[in-house]
Amino acid sequence: MKIDKTNIDIIRELKEGKKSFKIIADKLSITENTVRSRVNKLQEEGVLEICGLVDPATLPGHQSVVIGIKLTEMNLVQKGEEISKLKGVISTSVVTGRYDLILQVLFKEGFGLLEFYTDELSKIEGVNSVEAFVVYKSYNLKVPYIF
């Protein structure tokens, strides 16, 4: 799917939450039907997903952690996909630098870093080393609630 200026403008309007198609159409000087059909197409193509996001710092008993992983193998994409399905994982990225993968993980009471390492990450073969970075304060971090 070709992402044009109108698609970007619509996505930008949806950034701050649910907004009526009529309000978006009026602001962009296009029809409401155009907005509706483009949003539907963007969703069908996997470009746009509309969902509720939360600030993890506002959730009692929850903690956001960034984890760097070094692998023993170079099948980064396959391992990234596999790890992305583990409990607590919000996102997994294949990156350059001293780590092969960077994870954003959300923990809650009863499921913390120890449980993630021993119950989840231990299932993955080829993990050489991990380093956790506990997020004390974040800015603009909003995540899907996964528990």
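What counts, and where the lines are drawn
Residues numbered from 1 in each chain as written. Predicted model: local features only at pLDDT ≥ 70, side-chain atom pairs only at ≥ 80, totals over all residues. Heavy atoms only, no water. 1 Å grid on protein atoms, 1.4 Å probe; cavity = no way out; pocket = protein on both sides within 12 Å on 5 of 7 lines; lining within 4 Å. Points joined across faces, edges and corners; volume = space filled by probe spheres on them. Nonpolar A, V, L, I, M, F, W, Y, C, P; charged D, E, K, R; others polar. Axes fitted to C-alpha atoms, helices over the stretch in contact; angles between N-to-C directions. Helix = DSSP H or I, 4+ residues; strand = E, 2+ residues; numbered from the N terminus. Parallel < 35°, antiparallel > 145°, perpendicular 65-115°, else oblique. Left-handed = near helix turned anticlockwise from the far one by under 90°. Contact = heavy atoms within 4.5 Å. Pairing = 2+ DSSP bridges. Polar contact = N/O pair within 3.5 Å; in protein donor to acceptor, adjacent residues only side chain to side chain. Phe/Tyr/Trp six-rings, centres within 6.5 Å; stacked < 30°, edge-to-face > 60°. Patch = residues over 30% accessible without salt bridge, like charges linked within 9 Å, V, L, I, M, F, W, Y side chains within 5 Å. Areas by Shrake-Rupley, 256 points an atom, 1.4 Å probe, with all protein chains shown as cover. Salt bridge = Lys/Arg side-chain N within 4 Å of Asp/Glu carboxyl O. Expected span 1.5 Å × (residues − 1). Buried < 20%, exposed > 50% of the residue type's maximum accessible area, 1.4 Å probe, protein only. Arc of directions from axis to C-beta.

Attention now moves to the layout of surface pockets. Looking at the largest pocket, its volume works out to about 370 Å³. Every residue lining the largest pocket is counted, 13 residues in all, and those nearest its centre are Leu14, Lys15, Gly17, Cys51 and Leu53. Approximately 160 Å³ is the volume attributed to the second largest pocket. Residues belonging to the lining of the second largest pocket are distributed by class as follows: four nonpolar, four polar and two charged.

Attention shifts here to the packing of helix H1 (residues 5-14) against helix H2 (residues 21-28). Relative orientation of the contacting elements H1 and H2 amounts to 130 degrees, with a least axis distance of 11 Å. On the basis of their axis angle, the class for H1 and H2 is oblique. In terms of crossing hand, the pair formed by H1 and H2 is right-handed. On H2, the residues touching Asp9, Ile10, Glu13 and Leu14 of H1 are Ile24, Lys27 and Leu28. Partitioning the contact of H1 with H2 into residue classes produces four nonpolar, no polar and three charged.

So, on to the sheet that holds strand S1 (residues 63-71). Backbone hydrogen bonds are what pair the strands of a sheet, in a parallel or an antiparallel way. Pairing within the open sheet is antiparallel, and its four strands lie in the order S2-S3-S1-S4. Edge positions in the sheet fall to strand S2 (89-94) and strand S4 (127-134), since each of these pairs with one other strand and no more. The sheet shows a mean angle of 20 degrees between the axes of neighbouring strands, direction not considered. Of the strand pairs in this sheet, S2 and strand S3 (residues 101-107) are connected by five bridges, and their pairing is antiparallel. Residue pairing in the sheet places Ser93 in a bridge with Ile102 of S3.

Mapped onto the secondary structure, Ser64 falls in strand S1. At 2.4 Å, the side chain of Ser64 and the side chain of Gln104 are in polar contact. Leave out the neighbours within four places in its chain, and Ser64 touches Pro56, Gln104, Val105, Leu106, Val134, Val135 and Leu141.

This part takes up the packing of aromatic side chains. In total, this model carries four aromatic pairs according to the counting rule given. The rings of Phe107, Phe111, Phe116 and Tyr117 are connected pair by pair, giving a single aromatic cluster.

This next bit is on a nonpolar patch on the surface. Nonpolar side chains collect at one region of the surface, where Met1, Ile3, Ile8 and Val47 lie side by side and expose about 300 Å² of accessible area between them. Along the polypeptide, Ile8 turns up in helix H1.

All right, on to helix H3 (residues 32-44) then. Here H3 spans 18 Å end to end across 13 residues, near enough to the 18 Å set by a 1.5 Å rise per residue. Buried residues of H3: Val35, Val39 and Leu42, and no others. The buried side chains of H3 occupy one side of the element, clustering within an arc of 65 degrees when seen end-on. Exposed and facing more than 90 degrees away from the buried side of H3 are Asn33 and Glu44. Gly46 sits one or two residues past H3 and shows a positive phi near 80 degrees.

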